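Fold and geometry: a report
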Amino acid sequence: MIRTHRPAAGVCALLAALAAGIAFPGHAVADETEQAAPKVELVLDVSGSMRTADIDGGTRMAAAKQAFNEVLDATPEGVQLGIRTLGANYRGNDRKEGCKDTAQLYPVGTLDRTEAKTAVATLSPTGWTPIGPALLKAADDLQGGAGTRRIVLISDGEDTCQPLDPCEVAREIAAKGVGLTIDTLGLVPDAKTRDQLSCIADATGGTYTSVQHKEELTDRVGQLVDRAADPVVTPVATEGTDQCSSAPALKSGLYTDREEFGRQRWYKVDVEPGKELRASVSVAADRAVNPDYGVLLRAVTVHGREIVRGEASGTGRTDVISTGLRYPKAESDDEGTTPETVCLQVTNSFSATAGVKTSPGLPVELTVDVVDGPSKASDVASFGLGRGWWLLGALVLTGFLAGLVWGWVSRWRVAVWRTN
């Protein structure tokens, strides 16, 4: 069984798909279609604090430059990449002017590695930290086209241009439904910086990473740029039922649905011998709900016997709750064995607050994947413990032997005491 608590990744796409009323047959599969060129903009904080020398003996600016050069060398072909700075040009003390200090160092487009590296080499830590204005400009830089769009923000401090809250800016970008993700990296961050950068990332379904070393910065920025080149899977709308017998048959893919408060939905998946079913579900609270809720994902046979389950609970601190499960079906010696139909049941325990509409239901995102099973499929699901049953057995045996030894030692000590 796998339990996960994910950030709001994928929820924006989920809500957009549901809002658009996409209607496909329940048996459709989420296809990977030809995608437009992905766009990425690296947004770098070049404020005065980047002079601080606390990353592997060098300055934060030096670490960022090294990371950028290595990432530029490794950027996949076909990714349109640009670089924007904040706090790189204005050296004065006028806050109004300092909060305008964001500029595009290298335009988003086909990458000329030499030209981009030359531009990075000119950077010198200078002024303020206008994160909010830089994000707004970066979103404009990535307009146009139908490919994935990603902003990678690297900063070592909080925004200095309040009341334009960068977290609110990120929420506004997400609310436009433009499919833009913001990932953030904090260079040796303090608690306030970490909270702000985490909020920015969460607002668009992105990720936050704390960075302490040069290698970490290079690896993480490279991963995020590579991720932009990954094919985008479009969720397929389906409609679960209130019982397994009439549930839609799903194949590997990404699906969306709506589920009423405190209700359940059923889906079916065929699993052949030697294959493994991997399923995960996320339920999003897209309106005000009461705290203390949960989601349950069960795999059961067509006769109602539970095979394995995944469950997760929340207390109102996140608006998305997720869980998953794995079910490997053992190989069969019989030729022509038919696939097993596995019923997936999704149940939630959300409840709406007073005055909140309960219709339509909550957004549900269901991922189904049927892959080659492990070499010993029966091990994974034994007793519902996965391969952990080996450890449990070893602990039971160890406890038994320890009890025997302790009993023998105790009897020996008593015998010696009586003799003396």
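Small disclaimer: the values here were computed from a predicted structure and weren't measured.

Conventions we followed
- Residues numbered from 1 in each chain as written.
- Predicted model: local features only at pLDDT ≥ 70, side-chain atom pairs only at ≥ 80, totals over all residues.
- Heavy atoms only, no water.
- Axes fitted to C-alpha atoms, helices over the stretch in contact; angles between N-to-C directions.
- Helix = DSSP H or I, 4+ residues; strand = E, 2+ residues; numbered from the N terminus.
- Parallel < 35°, antiparallel > 145°, perpendicular 65-115°, else oblique.
- Contact = heavy atoms within 4.5 Å.
- Nonpolar A, V, L, I, M, F, W, Y, C, P; charged D, E, K, R; others polar.
- Patch = residues over 30% accessible without salt bridge, like charges linked within 9 Å, V, L, I, M, F, W, Y side chains within 5 Å.
- Areas by Shrake-Rupley, 256 points an atom, 1.4 Å probe, with all protein chains shown as cover.
- Salt bridge = Lys/Arg side-chain N within 4 Å of Asp/Glu carboxyl O.
- Buried < 20%, exposed > 50% of the residue type's maximum accessible area, 1.4 Å probe, protein only.
- Pairing = 2+ DSSP bridges.
- Phe/Tyr/Trp six-rings, centres within 6.5 Å; stacked < 30°, edge-to-face > 60°.
- Disulfide = S-S within 2.5 Å.

**Some details on the packing of helix H6 (residues 166-175) against helix H7 (residues 191-203)**
The relative placement of two packed helices is expressed as an angle between their axes plus a distance between the axes. Running from amino to carboxyl end, H6 crosses H7 at an angle of 5°, the nearest separation of the two axes being 8 Å. Judged by the inter-axis angle, H6 sits roughly parallel to H7. Along the contact surface, H6 presents Pro166, Cys167, Ala170, Arg171 and Ala174, while H7 presents Gln196, Cys199, Ile200 and Ala203. Per-class residue counts for the contact of H6 with H7 are seven nonpolar, one polar and one charged.

**Brief notes about a nonpolar patch on the surface**
Residues Leu397, Phe400, Leu401 and Leu404 make up a contiguous nonpolar surface patch of about 410 Å² in total accessible area. In this structure leucine 401 comes out as partly exposed when scored by relative accessible area, which is 44%.

**Section: the sheet that holds strand E8 (residues 249-250)**
With mixed pairing, five strands are arranged side by side in an open sheet as E8-E10-E15-E12-E13. This sheet does not close on itself; its edge strands, each paired only once, are E8 and strand E13 (306-314).

**Considering the packing of aromatic side chains**
Tallied over the entire structure, the rule returns one aromatic pair. Seen in terms of ring centroids, tyrosine 293 and phenylalanine 350 are 4.4 Å apart; in terms of plane orientation they differ by 15°. Their pairing is stacked. Here the residue tyrosine 293 occupies a position in strand E12 (residues 293-300), and phenylalanine 350 occupies one in the loop between strand E15 (340-348) and strand E16 (362-372), the gap between them amounting to 57 residues.

**Structural notes on the state of the cysteines**
Using the criterion set out here, one finds three disulfides in the structure. The disulfide bridge from cysteine 99 ends at cysteine 161, spanning 2.0 Å between sulfur atoms. Measuring the twist about the S-S bond at about -105°, one finds the cysteine 99-cysteine 161 disulfide to be left-handed. With cysteine 99 in the loop between helix H3 (95-98) and strand E3 (102-109) and cysteine 161 in the loop between strand E4 (149-155) and H6, this residue pair connects regions lying 62 residues apart in the sequence. Residue class for cysteine 161 comes out buried when judged on its relative accessible area of 5%. A sulfur-sulfur distance of 1.8 Å marks the disulfide that ties cysteine 244 to cysteine 343. Because the sign of the S-S torsion sets the handedness, a value of about -65° for the bond joining cysteine 244 and cysteine 343 places this disulfide among the left-handed ones. Of this pair, cysteine 244 sits in the loop between strand E7 (236-237) and E8 while cysteine 343 sits in strand E15, and the two are 99 residues apart along the sequence. With a relative accessible area of 13%, cysteine 244 lands in the buried category. Judged by relative accessible area, cysteine 343 falls into the buried class, the value being 0%. Ordinal numbering of bonded cysteines along the protein chain defines a disulfide pattern of 1-2, 3-4, 5-6.

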